[in-house]
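The lines below spell out each chain.
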Amino acid sequence: MRNIPALIATILLTAGLVVYAQKPKGKKPAPKALQWRVQQLQKSNSEGAAAGDINGDGKMDVVAGEFWYAAPDFKGQKVRSLLPFGKDYLQNNSEYLYDVDADGDLDVVAGAFTLPEIRWYENTGKNDDPAGWPSHVLCDTGTKNHEATFLHDIDDDGTPEWLESSWKVDNPMVIWHFVKGDDGKPKLDGHIVCKSGQGHGIGFGDLNSDGKQDIIFTGGWYECPKDGPYSAEWEWHKDFILPHASCPILVLDLDEDGDSDFIWADGHNYGLYWHEQMEPQSDGTLTFRQHLIDKKFSQAHTLAWEDIDNDGAPELITGKRYYAHSGGDPGADDPTVVLYFDWNKENQTWKKNVISSSPAGEGPGIGLQINVVDIDGNGWKDLVVPGKSGTHIIWNEGWTKP
């Protein structure tokens, strides 16, 4: 009789184990995923776009090629006309919103593939003219064959400069900075980085840890002079070759070891990579170890590095530039995708996440620019992506509930 309580306890415990073991397995909760909604603004071959408050109403608008789109309805209004060339191109290899004339509103600055002029389009505040905005030439570069253009503050003085990537390797590398002409009007004045030394792809950052921004491109990198970017021509270091490098190449300390690494993609083939900076050679030559991120989609012609999942750390955003060479590149007719990659510093791995995927040419790609900005003010950064499959806003609607 004295063993009855122990026997009962044993029976209850055993029953509990049996019940637990026989409990039907439910489905695991689905992992969290960002939700995205695609809105097409236009269907054209324009490959540049920018976002900003164009009409001064406190809302984020979009400009893309020939039109600008006022929030919240995003109906197209004329900015300019674009000339076609080649099989399927328009003369728009990137565009930016910048207050060129310092009158308090955002103008459009734009580059072109095969035209030598850099133009700005004046925001007069009366932007419903069917003829578009007044057009002005900032400079004649004297060159053509421009892969992409960038409005970037290379000298860290708070005012951006204009830089171009050219696929023509004997074109000069030039920094164009904003000045006022003798007539008081804005123009661009050029400083030669190298008289003959260009190539597909460009990026900016302090590669050699001297506190100054350098220029990286397909043929290596240019070192900023010790007395500043306009004090002399820059030294060209031919430390690597990056075939058809992306625009931009991202320069950042990815592994957080105190020196600069970089991320790039082959813009006209399969291949997305990061290069880890190693110990320099005895003569000071920089050395890098290449790591593959992904090789399952092609034509990742442009990259962005922004926090789109609100975890406090940036993600790598890219995708496919649809028909980057008019269908002549490997993978041209693969699905058109927009993707982001999460970086895990501890084990140095990447997790790929699909933002959008569609049959070739039927949905958003990345064109020549990726704009990452919270357009609707919901606390989540959206994407504005142009391209030959159309210009789209990809609305970030945050996490699903697991």
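Structure: see above.
Residues numbered from 1 in each chain as written. Predicted model: local features only at pLDDT ≥ 70, side-chain atom pairs only at ≥ 80, totals over all residues. Heavy atoms only, no water.

Visitor: Could you give an account of the pairing of strand E20 (residues 249-252), with specific residues and numbers?
Guide: Because side chains alternate across E20, one face comprises the buried residues Ile249 and Val251, and the other comprises Leu250 and Leu252, equally buried. As paired strands, strand E16 (residues 202-205) and E20 are joined by two bridges and run parallel to one another. Bridging across to E20, Gly203 finds its partner in Ile249. Pairing geometry for E20 and strand E21 (residues 261-265), over three bridges, is antiparallel. Directly across from Leu252, in E21, lies its bridge partner Asp261. (Buried < 20%, exposed > 50% of the residue type's maximum accessible area, 1.4 Å probe, protein only. Helix = DSSP H or I, 4+ residues; strand = E, 2+ residues; numbered from the N terminus. Pairing = 2+ DSSP bridges.)

Visitor: Tell me about the nonpolar core, and name the residues and values.
Guide: Formed by 29 residues in total, the largest nonpolar core has its most connected members in Leu138, Trp162, Leu188, Ile215, Tyr222 and Trp234. Secondary-structure elements contributing two or more residues to this core are strand E10 (117-121), strand E11 (135-140), strand E12 (146-152), strand E13 (161-166), strand E14 (173-180), strand E15 (186-194), E16 and strand E17 (214-217). A per-element tally of this core places E14 first, with five residues. Residues within four places of Tyr222 in sequence aside, it is in contact with Met173, Val193, Cys194, Gly197, Gln198, Asp214, Ile215, Phe217, Trp234, Glu235 and Trp236. Counting 17 residues, the second-largest nonpolar core is a separate cluster that includes Leu272, Leu316, Leu339 and Phe341. (Core = buried A, V, L, I, M, F, W, Y, C linked by side-chain atoms within 4.5 Å. Contact = heavy atoms within 4.5 Å.)

Visitor: Talk me through the sheet that holds strand E3 (residues 61-64); I want residue IDs and the actual numbers.
Guide: The strand order E2-E3-E4-E5 describes an open sheet built from four strands, whose pairing is antiparallel. Two strands bound the open sheet, and with one partner strand each, they are strand E2 (50-52) and strand E5 (75-78). Within the sheet, the average angular offset between the axes of one strand and its neighbour, ignoring direction, is 25°. Where E3 meets strand E4 (residues 67-70), three bridges bridge the pair, whose relative direction is antiparallel. For Ala64, the partnering residue across the bridge sits in E4 and is Phe67. (Axes fitted to C-alpha atoms, helices over the stretch in contact; angles between N-to-C directions.)

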